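One letter stands for each residue in the lines below.
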Amino acid sequence: MSRVALVTGGTRGIGEAVSLALQEQGYTVVANYGGNDEVAKAFTERTGIPSFKFDVSNFEKTKAAMDQIENDYGPIDILVNNAGITRDGTMHKMSFEQWDAVIQTNLASCFNTCRCVIDGMRQRGFGRIVNIGSVNGQAGQYGQVNYAAAKSGIHGFTKALALEGASKDVTVNAIAPGYVDTDMVRAVPEEVLKKIIATIPVGRLGKPEDIARSVLFLIRDDAGFITGSTLSINGGQHMY
Ligand code: NDP
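Think of each chain on its own: its residues are numbered from 1, step by step along the sequence as written. Given that the model is predicted, a residue must reach a pLDDT of at least 70 before its local features are reported, and side-chain atom pairs must reach 80 or more before they are shown or counted; all residues, however, enter totals for whole chains, interfaces and linings.

K.L.:
I tried to follow the overall build of the protein on my own but got confused; where do I start?
P.N.:
Labels follow the DSSP assignment, with helices taken as runs of H or I lasting at least four residues and strands as runs of E lasting at least two, numbered in each case from the N terminus. In terms of regular secondary structure, the protein is built from nine helices and seven strands. Principal axes of the C-alpha set define a box for the protein whose edges measure 50 × 40 × 35 Å. Per-residue burial over the protein gives 42% buried out of 240 residues. Placing a C-beta atom from the backbone of each residue, one calls two residues in contact when those atoms lie within 7 Å. Within the protein, residue pairs in contact and separated by at least 24 positions form 70% of the contacts whose partners lie at least 6 positions apart. With C-beta atoms placed from the backbone, the exposure class of a residue follows from how many other C-beta atoms lie within 10 Å of its own: 20 or more, buried; 12 or fewer, exposed; in between, partly exposed.

So, in structure tokens, the structure goes:
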């Protein structure tokens, strides 16, 4: 029987590419999404991948949904924490709501989902967790104290959980994408985006598939020696 993989925010953008790549490799894939029913419905019709709506920033709702997924499809062996949002603004204008929404959705969500699967992974002696961070969590970004803090937190979370899972073949890694061509980046004003692309040595935005391929690499059964690492995929924009 094929391993079950859950991709949060798996119905569009980077998450969609990850869901499709996993499906192509024969995994049983379940995609989560937050609220965009129309996109999720079209995604499921097009791909046959079931989509589950739940808010990853809410522990109780996440737990109920993940219990349901495990009940319907089997234990989750692969978890890709990809759901994320931006609510940009300079600190002196940022509301608490902007701060809190980004911390809860991008960072607290990793606790919420991992907490639901970690016991099972440890007991079965196998687990693959990939958390999607960001170049802006590594380098900081003007107007993004909330997002940079959340993504930077993901990198620390990854290393700590990697230590805890290491002896049980539960690996935990992060990917730090640079600018990738999705709705999130299309929301950046064109002039700003042009300036950003000018700072990317390969001269283009990343494609969602660039990120999906590296998820496939990290979640392989034989990738057990790769844990606690952060893979930077940013076209050479920042080299850490
Ligand atoms: P998109 O905005 O294209 O898609 C975001 C996905 O996350 C959607 O499926 C959305 O669901 C889901 N989502 C948002 N909030 C919640 C929530 N509360 N509960 C459940 N699902 C939720 O984002 P990208 O594909 O661009 O980004 C994916 C990840 O990669 C994010 O973590 C982002 O921070 C990170 N990243 C992106 C970069 C980029 O340049 N695009 C660069 C670096 C990192 P719905 O459709 O229902 O809204």
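Now that the structure has been shown, the text picks up again.
K.L.:
What should I look at first to understand the confidence of the model for the protein in this one?
P.N.:
The predictor attaches a confidence to each residue, called pLDDT, with possible values from 0 through 100. For the protein, per-residue confidence averages 97 on the pLDDT scale, and residues scoring 70 or more make up 100% of the total. Here the complex is predicted with pTM 0.98, and the ipTM for its interfaces comes to 0.99.

K.L.:
Teacher, can you tell me more about the packing of helix H1 (residues 13-24) against helix H9 (residues 208-219) here?
P.N.:
Geometry of a packed helix pair, given as the angle between the helix axes and the separation of the axes. As a rule, the C-alpha atoms of each element are fitted with a line to give its axis, helices using only the stretch in contact, and angles between N-to-C directions run from 0 to 180 degrees. The interhelical angle for the contact between H1 and H9, taken along N-to-C directions, is 45 degrees, at an axis separation of 8 Å. The angle between H1 and H9 falls in the class oblique. Seen along the crossing, H1 lies across H9 with a hand that is right-handed. Contacts between H1 and H9 involve Gly13, Ile14, Glu16, Ala17, Val18 and Ala21 from the former and Pro208, Glu209, Ile211, Ala212, Arg213, Val215 and Leu216 from the latter. Three classes are used: nonpolar for Ala, Val, Leu, Ile, Met, Phe, Trp, Tyr, Cys and Pro, charged for Asp, Glu, Lys and Arg, and polar for all others, with Gly counted as polar. Looking at the contact of H1 with H9, its residues break down into nine nonpolar, one polar and three charged. In these notes the angle categories are as follows: under 35 degrees is roughly parallel, over 145 is roughly antiparallel, 65 to 115 is roughly perpendicular, and the rest is oblique. Crossing handedness: left-handed means the near helix sits turned counterclockwise from the far one by under a right angle, and right-handed means the same turn made clockwise.

K.L.:
What am I meant to see in the packing of helix H3 (residues 59-73) against helix H4 (residues 96-124) here?
P.N.:
Taken N-terminus to C-terminus, the directions of H3 and H4 make an angle of 40 degrees; their axes are 9 Å apart at the nearest point. By the criterion of interaxial angle, the relationship of H3 to H4 is oblique. Relative to H4, the crossing made by H3 is right-handed. Across the interface between the two elements, Phe59, Thr62, Lys63 and Met66 from H3 touch Asn112, Thr113, Cys116 and Val117 from H4.

K.L.:
Even after reading the chapter, I still don't get the site of the ligand, so can you show me in this structure?
P.N.:
By convention here, the C-beta atom is placed from the backbone, and a residue is near a molecule or strand when that atom is within 6 Å of it. Near the ligand you find 31 residues, and of these Gly9, Gly13, Gly34, Gly84 and Thr182 are the closest. Contributions of two or more residues to the shell around the ligand are made by H1, strand S2 (28-33), H4 and helix H7 (183-186). When grouped by side-chain class, the residues that make up the shell around the ligand number 12 nonpolar, 16 polar and three charged.

K.L.:
Just to check I follow, could you spell out the environment of aspartate 55 for this structure?
P.N.:
Of note, aspartate 55 is situated in the loop between strand S3 (51-53) and H3. If we skip the residues at most four places from it in the chain, aspartate 55 touches Gly34 and Lys61.

K.L.:
Would you mind showing me how to read the pairing of strand S4 (residues 76-81) here?
P.N.:
Regular strands show a simple pattern: their side chains alternate between the two faces of the sheet. The element S4 is largely enclosed, with a buried count of six among its six residues. A strand pair is defined by DSSP finding two or more bridges across the two strands. Bridging between strand S1 (residues 4-7) and S4 involves four bridges; their strand directions are parallel. The residue bridging valine 4 from the neighbouring strand is isoleucine 76, located in S4. Here S4 pairs with strand S5 (residues 127-132) via four bridges, running parallel. Note on S5: the bridge partner recorded for valine 80 is valine 130.

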